[in-house]
Amino acid sequence: MSRVLSRRVALPKISRFGWLMGLYSENHARLQRLFEPAQLGCGTYVSSIGDGLDVRLDVVEQHAYTTELRMSYGLVDPQTGLADPSASLRVYSDARQVEATHCYAGRRWQDVIGMYPPPERILDHRLRMNTFLGKWVQYLAEQGHGVATLRPMSQDEIETGA
């Protein structure tokens, strides 16, 4: 019996970079289920479920294997004039990954990690941004946002910020 209890199975360890790549894949699956961004043309879209917190999705660039997005609520930080919270996303359709390249939740990346951070701090920041993205996209899905609630915004709506 003591032989069985003392036997340990070594589990493979995942590096922080491997963890980040896993987050990219999970975020792709979540975002794809939520808004199917690869199917959208360039432009501005809004998802409204009647709770007063509309989600704005800007498809900035659409290429064969890459899509550039900005996702935010209709809220604006009064000090900076930036959408808060917001995330800039890069969707890699062929690799089935989504990378949060920038997140703004009250502070810019320079304020969080400094102007010339060491590589370890950059990796930590990317892990936090992409963890935030995964939780945010999951929350939006739980609230009822999705392809069915997404519609293109008119030019008047974009100009007035409605």
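Calculation criteria
Residues numbered from 1 in each chain as written. Predicted model: local features only at pLDDT ≥ 70, side-chain atom pairs only at ≥ 80, totals over all residues. Heavy atoms only, no water. Buried < 20%, exposed > 50% of the residue type's maximum accessible area, 1.4 Å probe, protein only. Helix = DSSP H or I, 4+ residues; strand = E, 2+ residues; numbered from the N terminus. Pairing = 2+ DSSP bridges. Axes fitted to C-alpha atoms, helices over the stretch in contact; angles between N-to-C directions. Parallel < 35°, antiparallel > 145°, perpendicular 65-115°, else oblique. Left-handed = near helix turned anticlockwise from the far one by under 90°. Nonpolar A, V, L, I, M, F, W, Y, C, P; charged D, E, K, R; others polar. Phe/Tyr/Trp six-rings, centres within 6.5 Å; stacked < 30°, edge-to-face > 60°. Expected span 1.5 Å × (residues − 1). Arc of directions from axis to C-beta.

(A) Highlighting the pairing of strand S1 (residues 43–47). Within S1, four of the five residues are buried, which leaves the element mostly enclosed by the surrounding structure. With five bridges joining them, S1 and strand S2 (residues 55–62) adopt antiparallel strand pairing. Pairing of Val46 across the sheet is with Arg56, part of S2. Judged from the three bridges that link them, S1 and strand S6 (residues 150–152) form a sheet pairing that is antiparallel.

(B) Spotlight on the packing of helix H2 (residues 16–35) against helix H4 (residues 119–143). Relative to each other, H2 and H4 sit at 25 degrees, their axes nearing to 9 Å. Here H2 is positioned roughly parallel relative to H4, judged by the angle of their axes. Both H2 and H4 take part in a crossing whose hand is left-handed. Residue classes in the contact of H2 with H4 are distributed as 13 nonpolar, five polar and five charged.

(C) Spotlight on the packing of aromatic side chains. In this structure the tally under the stated criterion is two aromatic pairs. Taking the centre distance of 5.5 Å and the plane angle of 55 degrees together, the rings of Tyr73 and Trp136 count as tilted. Note that Tyr73 is positioned in strand S3 (residues 66–73) and Trp136 in helix H4, a separation of 63 residues in sequence. Residue Trp136 is classed as buried on the basis of its relative accessible area of 5%. Pairing Phe132 with Trp136 gives two aromatic rings, centres 5.5 Å apart and planes at 35 degrees, and the pair type is tilted. Taken as a pair, Phe132 and Trp136 lie in helix H4 at a separation of four residues, close to a single helical turn.

(D) Focus on H2. With 20 residues, H2 extends 28 Å between its outermost C-alpha atoms, agreeing within 8% with the 28 Å of an ideal straight helix rising 1.5 Å per residue. Among all positions of H2, only Leu20, Leu23, Tyr24, Asn27, His28, Leu31, Leu34 and Phe35 are buried. Seen along its axis, H2 keeps its buried residues to an arc of 145 degrees; they face one direction. Phi for Glu36, located one or two positions after H2, is positive at around 45 degrees.

Purely geometric stuff here, so don't read any function into it on its own.
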